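If you want the building blocks of each chain, they are given just below.
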Protein chains: 6
Amino acid sequence: MNEFNKPLSGLVTPRFGAIATFMRMPHVDLDQAQGIDIGMVGIPWDGGTTNRPGPRHAPRQMRDASSMVRPMHQTSHVVPSQLANIADLGDCPVNPADVMDGLKRVETYFKKLVAKGIRPLSAGGDHLCSLPVLRAVGEKEPVGMIHFDAHTDLYDGYFGGFKYTHGTPFRRAIEEGVLDPKRTIQIGLRGSMYDLDDFAWGEKMGVRLVRIEEAMEKGPKAIMAEARRIVGDGPTYVSFDIDCLDPAYAPGTGTPEIGGFTTFQAQQMLREMRGLHIVGGDVVEVSPPFDPSGVTAHAGVTMMFEILCPMAEDVAKGRSK
Amino acid sequence: MNEFNKPLSGLVTPRFGAIATFMRMPHVDLDQAQGIDIGMVGIPWDGGTTNRPGPRHAPRQMRDASSMVRPMHQTSHVVPSQLANIADLGDCPVNPADVMDGLKRVETYFKKLVAKGIRPLSAGGDHLCSLPVLRAVGEKEPVGMIHFDAHTDLYDGYFGGFKYTHGTPFRRAIEEGVLDPKRTIQIGLRGSMYDLDDFAWGEKMGVRLVRIEEAMEKGPKAIMAEARRIVGDGPTYVSFDIDCLDPAYAPGTGTPEIGGFTTFQAQQMLREMRGLHIVGGDVVEVSPPFDPSGVTAHAGVTMMFEILCPMAEDVAKGRSK
Amino acid sequence: MNEFNKPLSGLVTPRFGAIATFMRMPHVDLDQAQGIDIGMVGIPWDGGTTNRPGPRHAPRQMRDASSMVRPMHQTSHVVPSQLANIADLGDCPVNPADVMDGLKRVETYFKKLVAKGIRPLSAGGDHLCSLPVLRAVGEKEPVGMIHFDAHTDLYDGYFGGFKYTHGTPFRRAIEEGVLDPKRTIQIGLRGSMYDLDDFAWGEKMGVRLVRIEEAMEKGPKAIMAEARRIVGDGPTYVSFDIDCLDPAYAPGTGTPEIGGFTTFQAQQMLREMRGLHIVGGDVVEVSPPFDPSGVTAHAGVTMMFEILCPMAEDVAKGRSK
Amino acid sequence: MNEFNKPLSGLVTPRFGAIATFMRMPHVDLDQAQGIDIGMVGIPWDGGTTNRPGPRHAPRQMRDASSMVRPMHQTSHVVPSQLANIADLGDCPVNPADVMDGLKRVETYFKKLVAKGIRPLSAGGDHLCSLPVLRAVGEKEPVGMIHFDAHTDLYDGYFGGFKYTHGTPFRRAIEEGVLDPKRTIQIGLRGSMYDLDDFAWGEKMGVRLVRIEEAMEKGPKAIMAEARRIVGDGPTYVSFDIDCLDPAYAPGTGTPEIGGFTTFQAQQMLREMRGLHIVGGDVVEVSPPFDPSGVTAHAGVTMMFEILCPMAEDVAKGRSK
Amino acid sequence: MNEFNKPLSGLVTPRFGAIATFMRMPHVDLDQAQGIDIGMVGIPWDGGTTNRPGPRHAPRQMRDASSMVRPMHQTSHVVPSQLANIADLGDCPVNPADVMDGLKRVETYFKKLVAKGIRPLSAGGDHLCSLPVLRAVGEKEPVGMIHFDAHTDLYDGYFGGFKYTHGTPFRRAIEEGVLDPKRTIQIGLRGSMYDLDDFAWGEKMGVRLVRIEEAMEKGPKAIMAEARRIVGDGPTYVSFDIDCLDPAYAPGTGTPEIGGFTTFQAQQMLREMRGLHIVGGDVVEVSPPFDPSGVTAHAGVTMMFEILCPMAEDVAKGRSK
Amino acid sequence: MNEFNKPLSGLVTPRFGAIATFMRMPHVDLDQAQGIDIGMVGIPWDGGTTNRPGPRHAPRQMRDASSMVRPMHQTSHVVPSQLANIADLGDCPVNPADVMDGLKRVETYFKKLVAKGIRPLSAGGDHLCSLPVLRAVGEKEPVGMIHFDAHTDLYDGYFGGFKYTHGTPFRRAIEEGVLDPKRTIQIGLRGSMYDLDDFAWGEKMGVRLVRIEEAMEKGPKAIMAEARRIVGDGPTYVSFDIDCLDPAYAPGTGTPEIGGFTTFQAQQMLREMRGLHIVGGDVVEVSPPFDPSGVTAHAGVTMMFEILCPMAEDVAKGRSK
């Protein structure tokens, strides 16, 4: 039997008890972390939010909700904690008062994390959080990305030129060379628009943009077959914006758009990622003030678990080589 | 460039700011209105409600939620404010204490509106609000109607003979000759029943009644193909009762019925209305006291935008002739 | 005209008025009950709940919500109160402080009820409530069961050996010989797992386990065709755990699992039960503290009505023989 | 031991169980009522509401909340069910679609109730409900009244002349001669005003108007000493509008006014009514849609119990004469 | 009769109807404003918030709630709209993405407003909003201030030196010479502390700091007598942070502290300001995401009305000189 | 400078960030604990709840809310973390399925804790949790107690003889000799009653019972002066049932009683405990399902801080001897 971290047993403390960590995994401080394969991290920061704020509060609510996640996946029967050494690394440092300094703090933290050989699976925060994480995981070579979202987040700026908001992270990441647009697919795009600029720019760069209508028409399997072709065998990041789900399934988010995915559809898609080389992932834009009941957070952490399973399989595959 | 009204730019005031008007369009008083093509109007009245009250509060909540609607439609790329001169005309006069006087006030207001050449797109209020609006838009010739609803609203009376409630507007409109039953289709009908009377009467009059089971079986496109055949080229009214949506998508309504449409399905249907001669529309039965979060209102105003787009296209088509 | 109990007319008291009974049927005390065919009963007990408590409060909230149910079914046009003599028998005795005594009290009550020739349709309470009811309806011969749930509830024990929780009722019922595993089908199973034990045990016993993925793939009709084959003509119990629905449709429950059924899908399945010999049923795990709005309870009582209709038809068929 | 009705024992069914009746007293239909001294009645009607509707739903929520009330009063140690024969008479007939017919139905019901020698303690409904009850209890001779409220409810009309709203009941009752203004005191008046008319009219008629500032300054005992002097030994009605409480204590009401009483202050006042000849009472304006949690209803039913105790004492005193 | 703006009459549109403006006063754009004495302005900005965000959404919710405010004050019988020309000037420009630019935009707007001879009564926004307003009203000479708050907002910096947050506005205002510390009193201070620095600095500067314990002990009248002595006859600003109220009365705020004022106490204090030379005021820190019910906003706008009345009296006094 | 544990600095992680521990103190496992003076412990258990369940979820919600507590007390200026070595010990083991085993687990844990020289300050759970803690702190000699509650919790049994519920802990503790009734005072008692038994038994044993009416009349200082006399210099336990507060201040609890304390009054009382020999304390009966907003939990943890301060002072006094 391996010596990987195990989730706290429900026989010692019931699932609703104990200090809440992600999926009841032990809390390990990054500075003390040794031999960790996958680090779950909270990013309590919404410095890029332009309208309804709140995701800074998500990591706590998601940790609480994650107690509902049991160790084994329902269809693959994967038990991630048996395939990889996983820990809750706590929350990364942020700066609620300064966007540029906040970006720097998050980037520094995740570069240290990556330097330790850890793959990050983080819980935002708003979608700007993905940018500094990509700077870390894409530092050596640009990563591909499977991106679930109602929005492209490929805007150029906001409010007369602000370059770093939750609507711009992937344009910046492509410009900075940490994200490979030709290995990037965005799934679930929808909602009324200001103009066509963000779509046009993405398509020009080679990003595959999948509007919700196409996704609904073709279905999860076909869409994901294309996603697998696009990202191929290279290092791939998975970014799951909770607003890709319909507000009926995820009311607690800042920029809801009706007409989105069901959680079942999202799960069907995420389950097609087995075998991919997933080097990091995140679930972002859960906003507790807009859903104190925690229904949205529960959906969010279940999606984290759906990402964690193929990540852990990939870790194990790498180890066995 | 035309001189149509434009929505308030987010560069001046962020979307969550400014006094809330429908889709950030300027507020113009009906008496001062000149050259308006489409008037968005609130009807703060639920005088016809027989069970759980509240839609009188909807126009305000819907105006607030409508800030989330951006200028351009996501699939048609129509920008209604570039095709037609649109304004928020404010709320029409009502009478919360007297049903018959209330009906008269609303009718008078909308007849004045129609006389000015404005097409109304209103936010109820309960479904009785549609009757006085139909009296205005159907005054010269009866209109056809595409009607999304869980209920037929074709009852004869209520509580021993009351003729004017939110369950009777379209029976009255047909009787009064302002609504053409043979050019009317009702989509999404469901829920337990008192008896078969309302369905039988509707069918006898020639209304096309589409139960939810049929709509789910055939799908949005087929249903709407039939709707287009039924209403044809004549003047058509669109009435969207928010309870056609499943309560998961629209909990804030007075007479919810489970087993309804998703917002995606509703959008698919509304998008098949391009090219129709839409002379008016409404979204009714949003009830803020039963959903203070505004999720239902957000769905409602997005449906208003889905109706506004083909209305504006029809206005532009009429102008170009 | 028969002399069956009739629901309180809305012409005497509007639907939101009067002391709340299930579907506005008269309240009859079990001891006084004469000639009742179907007894609707509340079981205000969640003594088997291991995580988030609350279903003890469900019967009241469900009675309140049940006022929205009208007498006639929307597709079959069945009016149960015209086919069978139905009453609200109130709440059965429970014991909030002792699980074993609680089980005994519920069992005793339902044995008395069954001895009077009444078929029970109960509103839990948590899922442990089904066990003592099955002891009553399966006392003479084991019953078959159509079981809608996210979970198998076939665990052996909890927390180091506790045998009677809401995760174990059907293992106990099979062991006790009141439930026939070979005539049992479970539909909608999903969610992360502790291990494979409950599934393995069920399959070994001959229970047909339908995971949500299979149910979504095949669709309601195919799944129910198999259910009908499995339960056949024998006495059949219907148990509807509200958590078979997706949390978007039923947030008020203790162990939600994302990726579940819509209410429309559930209705489609329940409507395929016409002609079966349904000797009892329940709707369980509605938890009012987690949904004070009553949306979940409304879904729950509508499902009760969907079960009531084929039950009443079966009663009438039995009477006419 | 007397043979009065007893509340359902918690040893048979826990307080959260059983079909909800007021304070767990047996439900007796008015037509069958024999020997009842005090009848608790729901009036599910808000036909007089001019702004935020909802009190029609209060009787049910108040019955549910009333399970928290135990049989004995905390300071007087009075057990009303030992002093008087008390029943829950269910809800009285109303008309949600017609104010004048609604008034007539309620009046007819309460006249029948009074004719049977029953004293009513009702749960509204909005404050217009008090008018038809006063027509019954004040039919033979005008009653005095201790009235707790943020508003005088002495307006002459509404919206250009409507005479019967929840702002006018006591002006009507005085005009009709069923309420004696010189034996009437109103306590807790506050909130911004349209004009001075209602206060001026009340003072002209001899009503004692106690603004909140005076009540806070003098304190519960002094105010109630004056109330006792004003109503004297004659038949007295107690009307408790929940909006006399501060919204912090009773958020679920249609016309909240900040700066109101605490529940403790209200209890202190109500407890000074011992020995008065209380012939009827009501608690009105609880609005469940604005407080689904039931906190307001809980405050409301506790106030009902505070009124019930001195009523029962007065019944017993009358019997012993 | 004067020609001042009048609130929209409830006889035309009921209080819940019409596009929401502050207290139903007409909306006038600042650029068009002529002869306005008092301008009510929304500041949809919470750029200084360090913990739980949300006040950017307050102006809309407060406008909606302000419909409950009637024209006349309950104790003074002042009708502000008869004493001064009042308008809702809409929301001022802000910048959600940049604190320093946001401060500049707000300052510029209010300097223009003051230059037009208008006294501002604004609805925040977080407390940082007060700083740019003070820069406008205190530009010519430093103003005094009566400040109701749980916190001093006299911190020097935040998070390692950020100088402009909602915890620092009054330290900045004093340093900038627009606020006279010797004419400033802070009332209601409480809550656990980081250290004593903010209190010590304030006392050193001559600010009168009134902890909640002292305020409760002495009572509203004595505290306000001292406040009147401190501010004297000079130009005085009134800043009301909603968190001076206890969270029971104002749950919707970002930094709640238990043990606060009741609304009644706050009203008692505000009513002692008659005769002061009030040149501006604000109500800040209402946070709609933390109270979608609007109870907090309702308290907030009622406090705005309490400030508006003595402001209007002072305007009238100035005019009559 | 001492080497005591310090709360996580807000300069590293903002107050809303990081894994939530009580008051941001470090998490130390009991088995590893060395030199801890005061251990904050969660008891996620409501096995004694007889009506509305939920306190099992309180420790997590209270940890989250406790981030709002800053290091220094507002009036005493005590900084507990400078006077004593304090840690969050996590949650103690419980058993959600068996009351007797649960009691044993909690008792065993706290005896181990006490044996390590740690004073417990726990967050329930329901009030039955206090019994096993008292068995630990009162093992060597019975402790005195200052008990804030709406209820005596001195009932003998429940539901026909169940001896261990949240209504009986202190009768058991007195019977078991771990609580000294003559050194016990109960403050805030109120609410309707079943009978007089619990009060009579308490008085017979010598417990000082302070009804809310007496507490309101005499005021915090006088009541606490008596409390100090009663408990004297001996070891004293402080038990704070959140339902001693009025439901306006603490809606999230299972057995609310209107007419309770304000948080200000409660703080005034708790602040009179300086100098007492406080050997342990708890805050119980916070029920998150009945208040997802966390307002109640926030009140609860602030009361924990009020208890922690004099506890830490007593620890320091003991050390300096």
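Residues numbered from 1 in each chain as written. Chains lettered and ligands numbered in written order. Predicted model: local features only at pLDDT ≥ 70, side-chain atom pairs only at ≥ 80, totals over all residues.

The name given to chain A in an unreviewed UniProt entry is Agmatinase, with the source organism recorded as Aestuariivirga litoralis.

(A) Expanded view of the interface of chain D and chain C. Facing 23 residues of chain D, the contacting portion of chain C comprises 23 residues. For the side of chain D that touches chain C, the secondary-structure elements that each account for two or more residues are α1 (58-65) and β2 (86-91) of chain D. For the side of chain D that touches chain C, a count of residues per class yields 11 nonpolar, seven polar and five charged. (Contact = placed C-beta atoms within 7 Å. Helix = DSSP H or I, 4+ residues; strand = E, 2+ residues; numbered from the N terminus. Nonpolar A, V, L, I, M, F, W, Y, C, P; charged D, E, K, R; others polar.)

(B) Seen up close, helix α8 (residues 220-231) of chain E. Residues and elements named next belong to chain E. Spanning 12 residues, α8 covers 16 Å between terminal C-alpha atoms, matching the ideal 16 Å at 1.5 Å per step. By the burial criterion, the buried members of α8 are Pro220, Ile223, Met224, Ala227 and Val231. The arc enclosing the buried residues of α8, seen along the axis, measures out at 90 degrees, which places them on a common side. The outward face of α8, more than 90 degrees from its buried face, is lined by the exposed residues Lys221, Ala225 and Arg229. If you follow the buried residues of α8, they end up packed against β4 (143-148), β5 (179-189), β6 (208-211), α7 (212-218), β7 (236-241) and α9 (263-270). Once α8 ends, the next one or two residues include Gly232, with phi positive near 60 degrees. (Expected span 1.5 Å × (residues − 1). Buried ≥ 20, exposed ≤ 12 C-beta atoms within 10 Å, placed from the backbone. Arc of directions from axis to C-beta.)

(C) Seen up close, the relation of the copies chain E and chain B. Placing chain E over chain B gives an RMSD of 0.0 Å and needs a rotation angle of 180 degrees, together with 0.0 Å of translation along the axis. Both chain copies can therefore be described as sitting about a two-fold axis. Looking at the rotation axis and the C-alpha trace of chain E, the residue lying nearest is E:Pro292, at 3.0 Å. (Least-squares fit on C-alpha atoms with pLDDT ≥ 70 in both.)

(D) Structural view of the relation of the copies chain D and chain C. At an RMSD of 0.0 Å, chain D and chain C line up after a rotation of 180 degrees and a shift of 0.0 Å along the axis. Of the interface residues in chain D, 100% have counterparts in chain C that sit at the interface too, so the contact is made through matching surfaces.

(E) Examining the sheet that holds strand β3 (residues 119-123) of chain C more closely. Residues and elements named next belong to chain C. Ordered by their spatial adjacency, eight strands build an open sheet running β2-β1-β3-β8-β7-β4-β5-β6, and the pairing between neighbours is parallel. Both outer strands of the open sheet, β2 (86-91) and β6 (208-211), are each paired with one neighbouring strand and no more. On average, each strand axis in the sheet is inclined to that of its neighbour by 15 degrees, with strand direction left out of account. Two strands pair when backbone bridges link them, and strand β1 (residues 38-42) and β2 are joined in this way by four bridges, in the parallel orientation. (Pairing = 2+ DSSP bridges. Axes fitted to C-alpha atoms, helices over the stretch in contact; angles between N-to-C directions.)

(F) Just the interface of chain E and chain B, in detail. Listed by partner, the interface residues are 23 residues for chain E and 23 residues for chain B. Broken down by secondary-structure element, the contributors of at least two residues to the side of chain E that touches chain B are α1 (58-65) and β2 (86-91) of chain E. In terms of residue count, α1(E) provides more of the side of chain E that touches chain B than any other element does, three residues in total.

(G) Local environment of the sheet that holds strand β5 (residues 179-189) of chain A. All names here are of chain A. Read across the sheet, eight strands follow the order β2-β1-β3-β8-β7-β4-β5-β6 without closing on themselves; strand pairing throughout is parallel. On the outer flanks of this sheet lie β2 (86-91) and β6 (208-211), each paired with one strand and no other. On average, each strand axis in the sheet is tilted by 15 degrees relative to the strand beside it, whichever way the strands run. Both strand β4 (residues 143-148) and strand β7 (residues 236-241) contribute to a ladder of five bridges, which runs parallel. Bridging from a neighbouring strand, Phe148 pairs with Phe240 of β7. Seen against the sheet, helix α10 (residues 295-320) touches β1 (38-42), β3 (119-123), β7 and β8 (278-284) and runs at an angle of roughly 175 degrees to β8.

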